[in-house]
Amino acid sequence: MGEISRRSGFAASAIRYYEAEGLIEAHRSSGGQRRFERSVLRRLGFIRAASNVGLSIEEIRDELARLPGNRTPTKADWRRISRHWGARLDEQIAALQRLKSGLDGCIGCGCLSLRSCAFSNPGDWVGERGPGAQLLPDSLRRPHPTKRSG
Ligand code: FES
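Criteria and cut-off values
Residues numbered from 1 in each chain as written. Predicted model: local features only at pLDDT ≥ 70, side-chain atom pairs only at ≥ 80, totals over all residues. Heavy atoms only, no water. Helix = DSSP H or I, 4+ residues; strand = E, 2+ residues; numbered from the N terminus. Buried < 20%, exposed > 50% of the residue type's maximum accessible area, 1.4 Å probe, protein only. Axes fitted to C-alpha atoms, helices over the stretch in contact; angles between N-to-C directions. Parallel < 35°, antiparallel > 145°, perpendicular 65-115°, else oblique. Left-handed = near helix turned anticlockwise from the far one by under 90°. Contact = heavy atoms within 4.5 Å. Nonpolar A, V, L, I, M, F, W, Y, C, P; charged D, E, K, R; others polar. pLDDT = per-residue confidence, 0-100. Salt bridge = Lys/Arg side-chain N within 4 Å of Asp/Glu carboxyl O. Arc of directions from axis to C-beta. Core = buried A, V, L, I, M, F, W, Y, C linked by side-chain atoms within 4.5 Å. Expected span 1.5 Å × (residues − 1).

The protein chain is annotated in an unreviewed UniProt entry as Redox-sensitive transcriptional activator SoxR from Nocardioides renjunii.

Laid out in structure tokens, this is it:
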């Protein structure tokens, strides 16, 4: 564990987490220690790159699942992956540009209103959750009159 942690730059806890999530595999020695194949280092590199692009753990799992036999990406894989990630980065850039434009309206304001502030509620994500006080914990919210529980 110490060696793969040092060589990959990931903390041992992160490596255990990725193993528990099924993104990498380890074999056990007769003494019960984890042993990693060399290819795991490349998979960890892939995980780091995907994380840097902003992929969630589920998205990383999906990408890795498209690689047969737990292999690492080939050039052809990378062409496909980079198209997908490029589109993803374009979306993130556009979202950041929208956020930056909202900054102009906030200068000197400080209200952080959920109704009108692009920083407090970018893209009105609170409104997309439905009507009512969406930021209150469920236990403090009354059910919406048009929705029936159960
Ligand atoms: S801080 Fe007031 S609109 Fe953003």
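Caption draft 1: Summary view of unusual backbone geometry. The phi dihedral of Leu112 falls on the positive side, at around 55°, and the residue is not glycine. Relative to the helices and strands, Leu112 is located in the loop between α5 (75-106) and α6 (125-128). Here Leu112 falls in the exposed class, since its relative accessible area comes to 56%.

Caption draft 2: View of the packing of helix α3 (residues 39-53) against helix α4 (residues 57-65). For the pair α3 and α4, interaxial distance at closest approach is 10 Å and the crossing angle is 135°. On the basis of their axis angle, the class for α3 and α4 is oblique. As α3 packs across α4, the resulting crossing turns out to be right-handed. Taking contact as the criterion, the partners of Arg43, Phe46, Ile47, Ala50 and Ser51 in α3 are, on α4, Ile60, Glu63 and Leu64. For the contact of α3 with α4, a count of residues per class yields five nonpolar, one polar and two charged.

Caption draft 3: Broad picture of the confidence of the model for the protein chain. With 85% of its residues at a pLDDT of 70 or more, the protein chain has an overall mean of 81. Of all the helices and strands in the protein chain, α6 carries the lowest mean pLDDT, 72, while helix α2 (residues 12-20) carries the highest, 93.

Caption draft 4: Region of the structure containing the pattern of salt bridges. All chains considered together, the criterion is met by six salt bridges. The partner of Arg88 in a salt bridge is Glu59, with the nearest N and O atoms 2.5 Å apart. With a gap of 29 residues between them, Arg88 in helix α5 and Glu59 in helix α4 connect regions that are remote in the sequence. Exposure remark for Glu59: the relative accessible area of 28% places this residue in the partly exposed category. In this structure, the salt-bridge partner of Arg80 is Glu63, at a minimum N-O distance of 3.5 Å. Of this pair, Arg80 sits in helix α5 while Glu63 sits in helix α4; the two residues are 17 residues apart in sequence, bridging distant segments of the chain. Looking at Glu63, the relative accessible area reads 0%, which means it is buried. Ionic contacts of the salt-bridge type, sharing partners, join the residues Glu63, Arg66 and Arg80 into one network.

Caption draft 5: Representation of α2 in the model. Every buried residue belonging to α2 is among Ile15, Tyr18 and Glu19, and all of these are buried. Viewed end-on, α2 has its buried residues packed into an arc of 100°, placing them on one side of the element. Buried residues belonging to α2 abut α1 (2-8), β1 (27-28), β2 (34-35), α3 and α4. Gly22, located one to two residues past α2, shows a positive phi value of around 80°.

Caption draft 6: Spotlight on the nonpolar core. Core analysis: the largest hydrophobic core is formed by 20 residues, its most contacted members being Tyr18, Ile24, Leu44 and Ile47. Ranked by residues supplied to this core, first place goes to α3 with six residues. Leaving out residues up to four positions away in the same chain, Leu44 has contacts with Ile4, Ser8, Phe10, Ile15, Tyr18 and Ile24.

Caption draft 7: Representation of α5 in the model. In a regular helix each residue adds 1.5 Å, so 32 residues correspond to 46 Å; α5 covers 45 Å between its end C-alpha atoms and thus fits that length. All of the buried residues in α5 are Asp77, Ile81, Trp85, Arg88, Gly102 and Cys106. Taken together, the buried residues of α5 touch α3 and α4. The first or second residue beyond α5 is Gly108, which carries a positive phi of 80°.

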